[in-house]
Amino acid sequence: MVLHDQSLPIYELKEVVKSREAEGYGFRLRVPALRIFPGEKIALIGESGCGKSTLLDMLAFVLQPTSCDTFRFQVEKRPQDIAKAWKRHRLNRLADLRRRHLGYVMQTGGLLPYLTVRENMSLSRRVLGMKDDGTVDSLARELGLQRHLNKLPGELSTGERQRVAIGRALAHHPAIVIADEPTASVDPFAAEKIMSLFMEMVEARNITVIVASHAWRHIKRLGLRRLSHHTRRSGDGQMAETVVNG
């Protein structure tokens, strides 16, 4: 993959809005301006319900904004107009960008229970038709998972499953890794160890990482740039809006 000029943003968003309504209550996430550059480590910190996952899903092209002025994505020479792709229902194009350039670490790992650790970690590579070049074995060594490669996820601890999820997200050499509360299901000591290892690995590979978390203390220690955001509610409590800038 040929990366574009490192001085140009990977993501550029202006006036991107996602609105939801259910049972008389509404929520709106608004992003007046957001730019994320190659190799940056970004943190979105906040409690459940503040819109963290909504923003991550839009950045991963799985959730269509309600409206947007600008939504550009660029990891190769030609910038991609994501707003236009959504408008023209080019879902295959969005799926292809996601498959080739993004890795995703979910809160619960999201591993397929009937595949071995090796097969789970190889999944993104197989989807892209990439050959076995030793990448999975190398990642397993870095993550301390060599002896678990032939096990099923159900045979692992929660922390080990999260490390497998990190390996799977990195295996196809993505430009960006998005992680949604990646250590929320493990104890604080294990969480710090896993996050430190995760950050070391993405930094060594110059991967842009975007992490949503409710725990600022150990995220701050790892040197992530925190996005500015605030949430306000209407007087009757029926509408909430979160505004994110960065």
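Our subject is the structure that appears above.
In this text the structure is predicted, and so the values were computed from the model without any measurement.

**Remarks on the side chain of Ser-124**
So, step 1. One can find Ser-124 in helix α4 (residues 117–127).
So, step 2. Aside from chain neighbours lying at most four places away, what touches Ser-124 is Arg-168, Ala-171 and His-172.

**Description of the pairing of strand β2 (residues 25–36)**
So, step 1. Looking at chain direction, strand β1 (residues 11–22) and β2 are connected through eleven bridges and run antiparallel. Paired with Val-17 across the two strands is Arg-30, which belongs to β2.
So, step 2. Count of turn residues in the β1/β2 antiparallel hairpin: two residues, of which Glu-23 carries a positive phi of about 50°.

**Things to note about the sheet that holds strand β3 (residues 41–45)**
So, step 1. One open sheet holds the five strands; their spatial order is β6-β7-β8-β3-β9, and the pairing between them is parallel. The open sheet has two edge strands with one neighbour each: β6 (102–105) and β9 (225–226).
So, step 2. Of the strands in this sheet, β6 and β7 (176–180) touch helix α3 (residues 91–101), which is tilted by about 75° from β6.
So, step 3. Sheet contacts for helix α7 (residues 188–204): β3, β6, β7 and β8 (208–213); angle to β8, the most-contacted strand, approximately 160°.

**Structural notes on the pairing of β8**
So, step 1. Among the six residues that make up β8, six are buried, leaving the element largely enclosed by the rest of the structure.
So, step 2. Here β8 shows a buried face lined by Thr-208, Ile-210 and Ala-212 and a second buried face lined by Val-209, Val-211 and Ser-213.
So, step 3. Where β3 and β8 come together, five bridges link them in parallel fashion. Directly across from Ile-42, in β8, lies its bridge partner Ile-210.
So, step 4. The pairing of β7 with β8 spans five bridges and is classified as parallel. Across the sheet, Ile-178 pairs through a bridge with Ile-210, a residue of β8.
So, step 5. In this fold, the crossover linking β7 to β8 by way of α7 has right-handed handedness.

**Some points on the sheet that holds β2**
So, step 1. The sheet built from six strands is open, its strands ordered β5-β4-β1-β2-β11-β10 with mixed pairing. Among the strands making up the open sheet, the edge pair consists of β5 (80–81) and β10 (228–233).
So, step 2. Sheet analysis places β10 next to strand β11 (residues 239–245), joined by six bridges and oriented antiparallel. Bridging across to β11, Arg-233 finds its partner in Ala-240.
So, step 3. The strands touched by helix α1 (residues 52–59) are β1, β2, β4 (67–73) and β11; relative to β1, the strand with the most contacts, the crossing angle is about 125°.

**Observations concerning the side chain of Glu-12**
So, step 1. When you line up the elements, Glu-12 lands in strand β1.
So, step 2. Aside from chain neighbours lying at most four places away, what touches Glu-12 is Leu-34, Arg-35, Thr-70, Phe-71 and Arg-72.

**Brief notes about the pattern of salt bridges**
So, step 1. Within the structure shown, the criterion is met by 17 salt bridges.
So, step 2. Between Arg-72 and Glu-12 there is a salt bridge, with the nearest N and O atoms lying 3.4 Å from each other. Placement of the pair is Arg-72 in strand β4 and Glu-12 in strand β1, with a sequence separation of 60 residues.
So, step 3. Taking the shortest distance from any N to any O, the salt bridge between Lys-41 and Glu-203 comes out at 2.6 Å. With Lys-41 in strand β3 and Glu-203 in helix α7, this pair connects stretches of sequence that are 162 residues apart.
So, step 4. Look at Lys-41 and you get buried, because its relative accessible area is 15%.
So, step 5. On the basis of relative accessible area, Glu-203 is assigned to the exposed category, the value being 53%.
So, step 6. Three or more residues are tied together by salt bridges with common partners; here these are Glu-15, Arg-28, Arg-30, Arg-232 and Glu-241.

**Here we look at α4**
Because each turn of an α-helix spans 3.6 residues, side chains separated by three or four positions in sequence point in the same direction.
So, step 1. What α4 keeps buried is the set Val-117, Asn-120, Met-121, Ser-122, Ser-124 and Arg-125.
So, step 2. Those residues of α4 hidden inside the fold are in contact with α5 (135–142) and α6 (158–170).
So, step 3. Following α4 by one or two positions, Gly-129 adopts a phi angle in the positive range, close to 70°.

What counts and how
- Here the residue index of a chain counts from 1 through its sequence in written order.
- In keeping with the predicted nature of the model, local features appear solely for residues at pLDDT of at least 70, side-chain atom pairs appear and are counted solely at 80 or more, and the whole-chain, interface and lining totals rest on all residues.
- Heavy atoms from the whole structure form the basis of all side-chain values; hydrogens and water molecules are not counted.
- Each helix is a run of H or I in the DSSP string that is no shorter than four residues. Each strand is a run of E no shorter than two, and both are numbered from the N terminus.
- Any two residues having at least one pair of non-hydrogen atoms within 4.5 Å are treated as being in contact.
- The pairing criterion for strands is at least two bridges between them, as found by DSSP.
- Between the N-to-C directions of two axes lies an angle of 0 to 180 degrees, each axis being a line fitted to C-alpha atoms and, for a helix, fitted only over the stretch in contact.
- A simple rule labels every residue: compare its accessible area, found with a 1.4 Å probe on the protein chains alone, to the largest value its type can have, and call it buried under 20%, exposed over 50%, or partly exposed in between.
- A crossover gets the label right-handed when its path from the first strand over the helix to the second runs clockwise, viewed with the strands pointing away from the viewer.
- By salt bridge we mean one thing: a side-chain nitrogen of Lys or Arg within 4 Å of a carboxyl oxygen of Asp or Glu.

Function cannot be inferred from these measures alone, as they are strictly geometric.
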